[in-house]
Amino acid sequence: MCIQTNLMKVIIMKHVFLWIMGCLFCSVVNAQEQRLFDEYLRKVGDKAEMFVGKMEPGYASTVYINHPYWSSEEFLVGEVNYKGLLYRNVLLRYDAFLKQLVVKTPEKQSNVYIPMHAVEGFSIGGIVYAKYGEEFMAVLYDGSRIGLLEQIQVKMKENTNHAMLQYDFKRSVNYYIWSDGKMYEINSMRSVLKLYPELEKELKRFVKMNHLNFKENRQYSLISMVKYADELLAKSLK
C-alpha cells in the first residue's frame, strides 16, 4: 500500500513538473516572439503597416464645441490586434462618431487613422474593445456564462446658440448582455430581471444589500448585478 502511494506521488509530481515546464516554455516562446516583434517595430518605426494611414485632421475648438472620442480625447496606452499582429504600448484614442481608431506614431508623433477592416480587437487604458457585428463595443465584464457590453453612439448636431456656426457631439450610451451568441439590451435593473426571472429574488436582495443606484451610477450598478447573475448561473450548473 505504501509502495503504491509513493508511486502515485511520483506520477503526480511528474505530471505537475511537466505542466510547469510546459507553461515556462510557452512563456519563453511568447516572450521571444514579443522581443522579435518589438525589435521589428524599432527598426521600421513609422513605416510599420499599421502606422501608414490617413492623417487625422482633428476637431478645431472654433468649429466643434466638444469631442467625439470614447472615454477621453487624450491618447492613452493600449494594444491593437492588427492583421493578427499585436502592437503593444501604443498611444490610442477611439473616435466614436467616425467609429475610427487613431494611433500616435512612435517616431513622428503624428495622429493616424488605423484601417479598421484589419483591426481584430484593441484595448485603451485597460478597457478591452471587441467587435460585435459591424462595430466595436467596450467589454465591461466577461464572465463564464454572460458578458456585459457598452455601446456609445455619437451624433453631430448644429449648435444654434452661438453667433458662429458650430457643431455639438451628442452621446447616447447603451448596455447589452451577451449570452449564448445573442445580444440583449439592458438599461435598468428591471431589464436584467426580465432576462433571468429564476434569479429575481437573489438579484433583488443583492441590489438592496449593496445599495446599487441605477439612476446615479448606472454602469457600476449594471456591472455589479450582471457579475452576480453570472455567479448564480455558474453555481446552478454545478
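Rules of the game
- Counting restarts for each chain: residues are numbered from 1 in the order of the written sequence.
- In keeping with the predicted nature of the model, local features appear solely for residues at pLDDT of at least 70, side-chain atom pairs appear and are counted solely at 80 or more, and the whole-chain, interface and lining totals rest on all residues.
- Side-chain descriptors were evaluated using all non-hydrogen atoms of the structure, hydrogens and water having been removed beforehand.
- Working definition: helices are DSSP H or I runs of at least four residues, strands are E runs of at least two. Numbering for both runs from the N terminus.
- Only protein chains enter the accessibility calculation, which uses a 1.4 Å probe; a residue is then buried when its area is under 20% of its type maximum, exposed when over 50%, and partly exposed in between.
- Any two residues whose heavy atoms approach within 4.5 Å at even a single point are treated as in contact.
- A pocket here means an open set of points on a 1 Å grid, computed over the protein atoms alone, that has protein on both sides within 12 Å along at least five of seven lines. A cavity is instead a set of points where a 1.4 Å probe fits but cannot get out; residues with an atom within 4 Å of a point line either one.
- Grid points are joined across faces, edges and corners, and a volume is the space filled by probe spheres set on the points.
- Each residue is assigned to one class: nonpolar for Ala, Val, Leu, Ile, Met, Phe, Trp, Tyr, Cys and Pro, charged for Asp, Glu, Lys and Arg, and polar for all the others, Gly among them.
- Here, the term nonpolar core denotes a set of buried Ala, Val, Leu, Ile, Met, Phe, Trp, Tyr and Cys residues that are joined through side-chain atoms within 4.5 Å.

Q: How should I be thinking about the overall build of the chain in this particular structure?
A: When helices and strands are counted, the chain shows 4 helices and 10 strands. Each helix (α) and strand (β) of the chain, taken in turn from the N terminus, gives the series α-β-β-β-β-β-β-β-β-β-β-α-α-α. When the 238 residues of the chain are sorted by exposure, 37% land in the buried category. In the chain, once contacts between residues fewer than 6 apart in sequence are set aside, the share between residues at least 24 apart is 52%.

Q: How do you make sense of empty space enclosed by the protein when you look at a structure like this?
A: Taking a probe equal in size to a water molecule and rolling it over the atoms shows the remaining empty space. The tally for this structure, following the rule as stated, stands at 1 cavity of 30 Å³ or more. Considering only enclosed or pocket space, the largest cavity measures out at about 30 Å³ in volume. For the largest cavity, the full set of lining residues is Trp70, Tyr94, Ala96, Lys99, Glu135, Phe136, Gln151 and Ile152. At the level of elements, β7 (135–142) and β8 (147–159) are the ones that each hand at least two residues to the lining of the largest cavity. Tallied by class, residues from the lining of the largest cavity come to 5 nonpolar, 1 polar and 2 charged.

Q: Just to check I follow, could you spell out the nonpolar core for this structure?
A: Among the nonpolar cores identified, the biggest contains 26 residues, and Val80, Leu101, Ile114 and Phe122 are the most heavily contacted of them. Elements that contribute at least two residues to this core include exactly β1 (76–82), β2 (85–95), β3 (100–104), β5 (119–124), β7 and β8. Examining the composition of this core, we find that 4 residues originate from one element, β2, more than from any other. Apart from the residues lying within four places of it in its own chain, the contact partners of Ile114 are Met50, Val80, Tyr82, Leu92, Gln100, Leu101, Val103 and Val119. Counting 21 residues, the second largest nonpolar core, distinct from the first, contains Ile146, Val192, Val207 and Leu222.

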